[in-house]
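# Fold and contact review
Here are the chains, one letter per residue:
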Amino acid sequence: MNLPPDLKAETLVGYIPRNLRDVVICGSHKRSAYEDIAGMTDDGNGRFIISLARNGMYDILPECLFHPVDRFDNLPANEYKKRFKEEYEQQQMEEEKARRFFQHVDKAVVELSAIVSELKYEDEVVHTLENIICDKMPLRYSQNRFVRRTKEFLPACCDLRGNEELLSLMLRKVLFDENIRLYSNRDYVSFSDSAPRYLCGLDDVTADNTDEEVYLGNEFDEEMLIYHLVYWSDEECNDGFLAFVKEIEDYEDFLNDYFMSIECQLKFRISMQALPLRLSDDVFFNYLDYNTNL
């Protein structure tokens, strides 16, 4: 089976499901002729056998634990060729048994290496995407503490956009508030364009005035899906409250720019959700939404 010569074993192992593959460690001596992956074959039952040209436990441990160190010494000269072949076959059999004995350890090491490699790759990719997306971010966004907490979610903004549940989970983590809920409704929003210019495409336009532009009205109303978020922080209710409000306003703009679709909008309402004022703890019953209790 032809594989790219620069393909890492961890990448291949992580790609194929565990129940559809088996890993065989062949030893680093194969590297003189092969890459890290010595080969991959199909066993005929839908499982792939991946042979790796790297050292296993058998290669790391001292040779004397498995073979006599003087095996090929003092062979009879008149039977040297025959005895050498016999001893060589015996050593190959011992090596096969030793590798089979340590195969579970070797496989566990490869599996762990594949997991670590995948996590490292994902972490590097996420941080790289964060840097790319945030490269030209306005200063009021990059210096906002709430935006900095949200940066890790930016590579997944396409999946989060318009998903009320995922947005709620993200905002709970960013704002350190597990009670955050998004409430949505449809409403008309007024839009304005400071300089609406449309190239005139009328049939009676001559070649001399094709660059002329027609100015139309710059305000219009359009129905949109509005997400409302009620947020309050007792820790911010101090001398820096106005700065906190400004930060929330900038964060609202950031969320609308990166995490809201063009048909949606998110609005913060900084308000403390307190219980309504009660004059008595007595239970009053309403009939048809009307009662005579004063």
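Our structure's up above, just so we're on the same page.
About the thresholds
- Residues numbered from 1 in each chain as written.
- Predicted model: local features only at pLDDT ≥ 70, side-chain atom pairs only at ≥ 80, totals over all residues.
- Heavy atoms only, no water.
- Helix = DSSP H or I, 4+ residues; strand = E, 2+ residues; numbered from the N terminus.
- Buried < 20%, exposed > 50% of the residue type's maximum accessible area, 1.4 Å probe, protein only.
- Areas by Shrake-Rupley, 256 points an atom, 1.4 Å probe, with all protein chains shown as cover.
- Expected span 1.5 Å × (residues − 1).
- Phe/Tyr/Trp six-rings, centres within 6.5 Å; stacked < 30°, edge-to-face > 60°.
- Core = buried A, V, L, I, M, F, W, Y, C linked by side-chain atoms within 4.5 Å.
- Contact = heavy atoms within 4.5 Å.

## Considerations on the overall build of the protein
Regarding its fold elements, the protein presents 8 helices and 8 strands. Each of the 294 residues in the protein was classed as buried or not, and the buried ones make up 29%. As displayed, the protein has an accessible area near 21300 Å², and 52% of this comes from carbon and sulfur atoms.

## Topic: helix H8 (residues 241–258)
Taking 1.5 Å per residue as the helical rise, H8 with its 18 residues ought to reach 26 Å, and the 26 Å between its terminal C-alpha atoms agrees with that figure. Considered for burial, the residues of H8 that qualify are Phe244, Glu247, Ile248, Asp250, Tyr251, Glu252, Phe254, Leu255, Asn256 and Tyr258.

## Describing the packing of aromatic side chains
If you walk through the whole model with that rule in mind, you get 14 aromatic pairs. Ring centres 6.5 Å apart and planes at 70° place the aromatic pair phenylalanine 146 and phenylalanine 244 in the edge-to-face group. Here phenylalanine 244 lies in helix H8 and phenylalanine 146 lies in helix H5 (residues 145–150), a separation of 98 residues in the sequence. Take phenylalanine 146: its relative accessible area is 2%, and that puts it in the buried class. In this structure an aromatic cluster arises from ring pairing among Tyr141, Phe146, Phe241, Phe244, Tyr251, Phe254, Tyr258, Phe259 and Phe268.

## Some remarks on the nonpolar core
Across soluble globular proteins, nonpolar side chains have a tendency to be buried as a group. Counting residues in each nonpolar core, the largest one holds 30 residues, and the members touching the most others are Met170, Tyr251, Phe254, Leu255, Phe259 and Phe268. Of all elements in the fold, only H5, helix H6 (157–160), helix H7 (164–175), strand S7 (219–231), H8 and strand S8 (264–270) reach the threshold of two or more residues within this core. A per-element tally of this core places H8 first, with 6 residues. Apart from residues no more than four positions distant in its own chain, phenylalanine 268 is found in contact with Leu175, Leu229, Tyr231, Ile248, Tyr251, Glu252 and Leu255. Counting 12 residues, the second-largest nonpolar core is a separate cluster that includes Leu12, Ile16, Met40 and Val110.

## A word on H7
The terminal C-alpha atoms of H7 lie 16 Å apart, and with 12 residues this matches the ideal 16 Å at 1.5 Å per residue to within 8%. When we look at burial in H7, the residues that qualify are Leu167, Ser168, Met170, Leu171, Arg172, Val174 and Leu175. Two residues or fewer past H7, phenylalanine 176 is found with a positive phi of approximately 55°.

Nothing here speaks to function; it is geometry throughout.
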